[in-house]
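# Fold and contact review
Residues per chain, in single letters:
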Amino acid sequence: MALHIGFPAALFYYSHFPFWLAFFNRLGIEVVQSPPTTKAILDDGSREAVADACIPIKLFHGHVLTLKDKVDAIFIPRMVRLNKYTTFCPKFLGLPDMVRASLANLPPIIDFKVDACRCMGGFWSICRGLAELLGFGLRQAWAAYLEARHHQNAYQKLLLAGYLPLQAMAKLKGEAVEGTVREGKLNLAVLGYPYQVYDQYISLDVIGKLKKMDVNVWTMEMVNPSRLYRLSGRIPKRLFWHYSNLVLGASYHYLQQQNIDGIIHITAFGCGPDAMVDKIMEMDIRRLSNGRLPFMSISIDEQTGDAGITTRLEAFIDMLLQRRGNG
Amino acid sequence: MKRVSFAHMGYSYLGFQQLVEDMGFEAIVPPHPSRATLDRGVTYAPEYACIPFKMVLGTYLEVLERGAQMIITSGGVGPCRAGLYGMMHEKILRNLGYDFEIFIFDPPLTGIWTFFLKLRRVLKTAGVSWLAFVDIVRRAWAKLKLLDELEQTATVIRPYEINKGETTRLFHQCLKLVEQARSMKEITAAREECISLLKNIPQDRTRRPLKIGIVGEIYVLLEPFMNLDIEKTLGEMGVITHRSIYLTQYTTTDVLSHGAQDVRQLAHPYLNQFVGGHGQNSVGETILYARNGFDGVIQVAPFTCIPEIVAKSILPRVSRDFGIPVLSLTIDEQTGRAGVETRLEAFVDLLRQRREQREAKRDAALLFGY
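First, a word on what this report is: a plain description of the structure on this page. (Residues numbered from 1 in each chain as written. Chains lettered and ligands numbered in written order. Predicted model: local features only at pLDDT ≥ 70, side-chain atom pairs only at ≥ 80, totals over all residues. Heavy atoms only, no water.)

### Some points on the nonpolar core
Using the following cut-off: Here, the term nonpolar core denotes a set of buried Ala, Val, Leu, Ile, Met, Phe, Trp, Tyr and Cys residues that are joined through side-chain atoms within 4.5 Å. Only protein chains enter the accessibility calculation, which uses a 1.4 Å probe. A residue is then buried if its area is under 20% of the maximum for its type, exposed if over 50%, and partly exposed in between. The way it works is that DSSP assigns letters per residue, a run of H or I at least four long becomes a helix, a run of E at least two long becomes a strand, and they are numbered from the N terminus. Between two residues, a contact is recorded if the distance between any of their heavy atoms is within 4.5 Å.
Counting 226 residues, the largest nonpolar core has Trp-20, Leu-210 and Tyr-254 of chain A together with Leu-234 and Ile-298 of chain B as the members making the most contacts within it. Of the residues forming this core, the biggest block, 10 residues, is contributed by helix H6 (residues 130–157) of chain B. Excluding residues within four positions of it along the chain, Trp-20 of chain A makes contact with Phe-7, Phe-75, Phe-123, Ile-126, Cys-127 and Leu-130 of chain A. Formed by six residues, the second largest nonpolar core is a distinct cluster that contains Tyr-289, Ala-290, Phe-294 and Ile-324 of chain B.

Structure representation (structure tokens):
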């Protein structure tokens, strides 16, 4: 019987899942991903995780709980660095330890350290170690690694072409998804950490709501990460965290894109890095656009209500449409 | 003469004041943090920034209004946010229209060359030679060390004092003595006088104080206003506290070196990764306190402090494994003194009961052999 490895559909899921799926599949391992977020999953996570944690971390605990009785092991890599400039948020660094300390009766946790700045070739050393742990040889590991990279590249290409992460993953699986044609009245950049923006439950489906309001949504995944990194180097001292630099770079990118009508920042209540990112965005968007580009920040926690978000989005869009009428 | 200021952290301002004045600047001594300082900081800081950020921002606003032209502060390497605070403070203050110079010193190990160049620029503005600077730093350092020593001495004596509040009163008297001491000789003399002052407090040595270790984030640990005088409060409840961080010790282990390795080693089975700030230390130090026979540990952390949240989620397990009660206090601008005192009282009661139960059990075992 094949080995089953659980993959919680939260946090880095939206950035790296195709890679790990392809890698494990090639080795003949079954990857079990947790179901899309529901109220029950979030409630379970919030109950077990430490109270001060941000909602994405609580949610991650919830997703781990859905997997714990179904799989032989759970994959929670310790994401430390992807390049030499930045690390992940401290909660990512301590994630396997937090999960282990907070949840009881877990299957083994595979908590390989992903520190890609130490070696060339990104994830290769981690893949080799993983394959060795699971009893595969170097040759098999290399083949699986190549295939994983291939899948990840295809995924990145779809994101750059304007597909949202879940659509792109579906398309990789060969499902039919709607195209990326843009014909809405307004163009909004919706920026934020992928695990916050694309989780339809905790983001209260902001993107879906905007699309229904006839808005073209632009996200940070649609821009090449190296460009985002270059742009985020504009502030006097580079931010320490990987995703924060991407978000900040994306706001500078969309500031330069002529057709953008406004920028929305989606953040989690109590998110440490975002306390800085949000303030920098607010100050710099106003300064660099001479106060012309509207900026809205939406902060989300377990108590955020659907109606409240809808009202705020509607008001924002009305304001943009009015401005356009007057301009 | 340039007016220079710095952040307020515990009693270290006395050392920094001397440093700045000896360099020939006029020191704008930051006021003691107060509700008003905090409120001003809260107005302009990001909502989810931690309370040290807000307090320091409020302090800067106050010193700038009192005419400071230059601010000297520290940087950091992350992944804790504090390393970016200098830059953020500057950005926010400039955005508000303040004009000033700011020197942010990152730990020398991360870039000895930039550190050197920055320092050279400061010395040039001051017109101080390197040789003179070495002497200035030596004396400021001696003062900081003395301040730390006095604080420690006071904490050890306080639970034994017969007249409640006397230690604190004499400690503040000592601060005045230390403030006046300038030369190495005067500092040594002040040390002797202060120590004898504190040691001569009437004490009841028959008491058996509990021992509590305090771990957590450096700013809230060092600034009594922020931690609601936790050491004094506990001391007057009859508890000896040991704080895991003192400024001079922190500077030698963490700023000029790579951190306290043994404490991090201890934390490894529970938190196998440096997470910035003092997160990993908090776990390791809790284990250390448990091994050294302390009765309990209190973790003090600012609200939204990321490294301490990581530690906080792991501490319950450490507490179970090592049988040492841990209380986590989270501090933000809404934290009230009465609430904290109640929680401390409850915690101390719990520890007392535990000790009594343990001792009853031990006595019972003795009887059995009899």
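### Regarding the packing of helix H3 (residues 55–67) of chain A against helix H5 (residues 95–102) of chain A
Angle between the axes and distance between the axes are the two parameters that describe a pair of packed helices. Residues and elements named next belong to chain A. The condition is simple: Every axis corresponds to a line fitted to the C-alpha atoms, with the helix fit spanning only the stretch in contact, and the corresponding angles, defined between N-to-C directions, vary from 0 to 180 degrees. Angles are sorted into four bins: roughly parallel if under 35 degrees, roughly antiparallel if over 145, roughly perpendicular if 65 to 115, and oblique for all others. Note on convention: near helix rotated counterclockwise from far helix by under a right angle means a left-handed crossing. Clockwise means right-handed. In this classification, Asp, Glu, Lys and Arg are treated as charged, Ala, Val, Leu, Ile, Met, Phe, Trp, Tyr, Cys and Pro as nonpolar, and every other residue, Gly included, as polar.
Their axes nearest at 11 Å, the elements H3 and H5 cross at an angle of 60°. By the angle class used here, H3 and H5 are oblique. Like other packed secondary-structure pairs, H3 and H5 cross with a definite hand, here right-handed. On H5, the residues that touch Ile-57, Phe-60, His-61 and Val-64 of H3 are Leu-95, Met-98, Val-99 and Ser-102. Grouping the amino acids of the contact of H3 with H5 by side-chain chemistry returns six nonpolar, two polar and no charged.

### Thoughts on the sheet that holds strand E6 (residues 239–243) of chain B
Residues and elements named next belong to chain B. Heads up, the condition is: At least two bridges found by DSSP between two strands are what make those strands a pair.
Within the open sheet, the four strands sit side by side as E6-E5-E7-E8. Their pairing is parallel. A strand with exactly one partner marks an edge of an open sheet, and here the two such strands are E6 and strand E8 (326–331). Taking each pair of neighbouring strands and ignoring which way they run, the sheet shows an average axis angle of 25°. As paired strands, strand E7 (residues 296–302) and E8 are joined by six bridges and run parallel to one another. The residue of E8 that forms the bridge with Val-297 is Val-326. The strands that helix H14 (residues 306–322) touches are strand E5 (210–216), E7 and E8; relative to E7, the one it contacts most, it runs at about 165°.

### Describing H14 of chain B
All names here are of chain B. Here is the rule: What a helix is expected to span follows from its residue count: subtract one and scale by 1.5 Å. A residue's bend is given by the angle between axes fitted to the 7 residues ending at it and the 7 residues starting at it.
Helix length check: H14 (17 residues) gives 24 Å between terminal C-alpha atoms against 24 Å at 1.5 Å per residue, within 8%. Maximal helix bending in H14 amounts to about 35°, located at Ile-314; proline Pro-316 follows within four positions. With 12 of its 17 residues buried, H14 lies for the most part within the structure. Restricting attention to buried positions, one finds in H14 the residues Ile-306, Pro-307, Glu-308, Ile-309, Val-310, Ala-311, Lys-312, Ser-313, Ile-314, Leu-315, Val-318 and Ser-319. Looking one or two residues beyond H14, the residue adopting positive phi is Gly-323, at roughly 60°.

### Quick word on the sheet that holds strand E8 (residues 215–218) of chain A
All names here are of chain A. If you trace the four strands from one edge of the open sheet to the other, you get E8-E7-E9-E10, paired in parallel fashion. Edge positions in the sheet fall to E8 and strand E10 (295–300), since each has one partner strand and no second. Within the sheet, the average angular offset between the axes of one strand and its neighbour, ignoring direction, is 25°. Contacts from helix H13 (residues 272–288) reach strand E7 (186–192), strand E9 (262–268) and E10 within the one sheet, and its direction differs from that of E9 by about 165°.

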